[in-house]
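Working through the structure, step by step
The primary structure of each chain is shown beneath.
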2 protein chains.
Amino acid sequence: MSEQQAESLRERKKRRTRQSIIDVAHALFHDNDYDTTTVEAIAAGAEVSVRTFFRYFANKEEVALAPLDEMGELTLAALRRRPADEPPLTALRAAVLDAWTIMSPDGESLRHYTDHLLPIGKASALAGAVQNRVVALGDRFALEFVEGDDAGGPQPRTDLHASLAAFAFLAAVQVAVRAWCASDSNDPADLVATALTCLDSLVVERNSAHRA
Amino acid sequence: MSEQQAESLRERKKRRTRQSIIDVAHALFHDNDYDTTTVEAIAAGAEVSVRTFFRYFANKEEVALAPLDEMGELTLAALRRRPADEPPLTALRAAVLDAWTIMSPDGESLRHYTDHLLPIGKASALAGAVQNRVVALGDRFALEFVEGDDAGGPQPRTDLHASLAAFAFLAAVQVAVRAWCASDSNDPADLVATALTCLDSLVVERNSAHRA
DNA sequence: GGAATATATGGCACGAACTGCCACATGGCA
DNA sequence: TGCCATGTGGCAGTTCGTGCCATATATTCC
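Our subject in this report is the structure included herewith. (Residues numbered from 1 in each chain as written. Chains lettered and ligands numbered in written order. Predicted model: local features only at pLDDT ≥ 70, side-chain atom pairs only at ≥ 80, totals over all residues. Heavy atoms only, no water.)

**Points about the protein's contact with DNA strand C**
Defined as follows: Summary of the distance rule: residues count as near a molecule or strand when at least one heavy atom falls within 4 Å of that molecule or strand. Pairs of N or O atoms are called polar contacts if they sit within 3.5 Å, as long as, within protein, a hydrogen donor faces a hydrogen acceptor (for residues adjacent in sequence, only side-chain-to-side-chain pairs). Only DSSP runs of H or I reaching four residues or more are called helices, and only runs of E reaching two or more are called strands; each is numbered from the N terminus. Following the grouping adopted for this structure description, the nonpolar residues are Ala, Val, Leu, Ile, Met, Phe, Trp, Tyr, Cys and Pro, the charged ones are Asp, Glu, Lys and Arg, and the polar ones are all others, Gly among them.
If you check the shell around DNA strand C, you find 21 residues, and the closest are A:Arg51, B:Ser49, B:Thr52, B:Arg55 and B:Tyr56. For DNA strand C, the fraction of protein-proximal atoms (within 4 Å) that sit in sugar or phosphate groups is 57%. Within the backbone of B:Ser49, an N or O atom sits 2.9 Å from a phosphate oxygen of DNA strand C. The contact in question runs from a phosphate oxygen of DNA strand C to an N or O atom on the side chain of B:Thr52, over 2.5 Å. Looking at the surface near DNA strand C, the elements that each hand over two or more residues are helix H1 (9-31) and helix H3 (50-56) of chain A together with helix H1 (9-31) and helix H3 (50-56) of chain B. Looking at the surface near DNA strand C element by element, the count peaks at four residues for H3(B). Residues belonging to the surface near DNA strand C are distributed by class as follows: six nonpolar, six polar and nine charged.

Given below as structure tokens:
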């Protein structure tokens, strides 16, 4: 079980440079705004040229949303660990909880993530980019369900169902995150509570609409 | 009941200029891509300066998504016409159908809209902007429900419920639109059918997840 | 009708986000 | 040590988007 120590010097340097860019960028985003911080300033802080910055990140948004991507990957990994026969929404709900719990056995790692969340929520210029990630993530979630399904070929109806579950779920999480950002609380526990409320309300709301 | 003929010459000219920009822009988007068509080309086609273009539209995205905004307004107006005591999802479902039917008593107006939809769906650079509109629209939908509610002050739970309904609904519509764009059909009727399937599946899916 | 006023437009300079290209430096490997 | 792959920097150039000021066109008041 040796860690892959086969990480060459080159790769180590790249990893460090990348992390340095992320750290500097988020520090600047915190101090000033996302919009007002220039790529030039970030590059200078990380001691790389602007050209090199764009070799690590395709655009300014990407470095801002790196933590979000990380969380997405974590959730996807958690989803894959769920039993294959579990209903989509149940699995997704369990997956976020897993991901958030993994990040915060002590409650601190999740805070590290939520610390990035607020500035992202405030920066309206990032809203579009955030939604792009959400859509991409939703597609990957949906893919898990059609692949995990019994049918061999992806029938259109199955596809729709899987996408529906994924995107309704993501909508609920987003509503929760937005509500949490809008509130004056910065306690990660509140975020979890709000998310659970939303996910549960999803079911109730749906049923009442169905009955009406 | 005289039409407001009090539209001054200035306003008429502005309206014409605005429409001209939109028309030229979408024609160019259709011929080339969204990304490759420059604002300069659009402005030249509409016979205005680039500076004037940016007085009519804050950015290139805005002119591309003008038809989408129009559809959003139509749906919102249809929603307001629904009875106040109708459950959110029921009202929303009826509202889109109304909006789409209004646009297409003959089936042609809706086609005019769907014609714009495909290029928008293809242009990945627009995805973020699209999602921005969706979020803004979702908030306005949600506002209708908390305002129309019996309670005077907006309780947090009510807010969450209203947002949830709005965004789950929008998620379903988006899944349908995306599926329709991905399919080789360009028949508006198929879009309507897919949307209905999604909205119905939303309920079924939810129930099964609830039972599991 | 004509002067005073408001508003729309155009042109210019400028900042910031990216990109392509080429020269150079640095790490990996025989 | 020397060769090759790859990472880096600099520079010119394109596009989006904004502030500023001069000018042209509409509106209003006399």
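**Observations concerning empty space enclosed by the protein**
The test is simple: Each cavity reported here is a set of points on a 1 Å grid over the protein atoms alone in which a 1.4 Å probe fits but cannot get out, each pocket an open set with protein on both sides within 12 Å along at least five of seven lines, and each lining residue one with an atom within 4 Å of a point. Grid points are joined across faces, edges and corners, and a volume is the space filled by probe spheres set on the points.
Throughout the structure, instances matching the rule amount to three cavities of 30 Å³ or more. The wall of the largest cavity is formed by 18 residues, among which A:Gln131, A:Gln174, B:Gln131, B:Ala171 and B:Gln174 lie closest to the centre.

**Remarks on the protein's contact with DNA strand D**
The full set close to DNA strand D counts 21 residues, and A:Arg10, A:Thr52, A:Arg55, B:Arg51 and B:Lys60 are the nearest of them. Of all atoms in DNA strand D that approach within 4 Å of the protein, 58% are sugar or phosphate atoms. A:Tyr56 is positioned such that a nitrogen or oxygen atom in its side chain is 3.1 Å from a phosphate oxygen of DNA strand D. The contact in question runs from a phosphate oxygen of DNA strand D to an N or O atom on the backbone of B:Val39, over 3.2 Å. Sorting the residues of the surface near DNA strand D by element identifies H1 and H3 of chain A together with H1 and H3 of chain B as the ones contributing at least two each. For the surface near DNA strand D, the element with the most residues is H3(A), which contributes four residues.

By themselves these figures say nothing about function.
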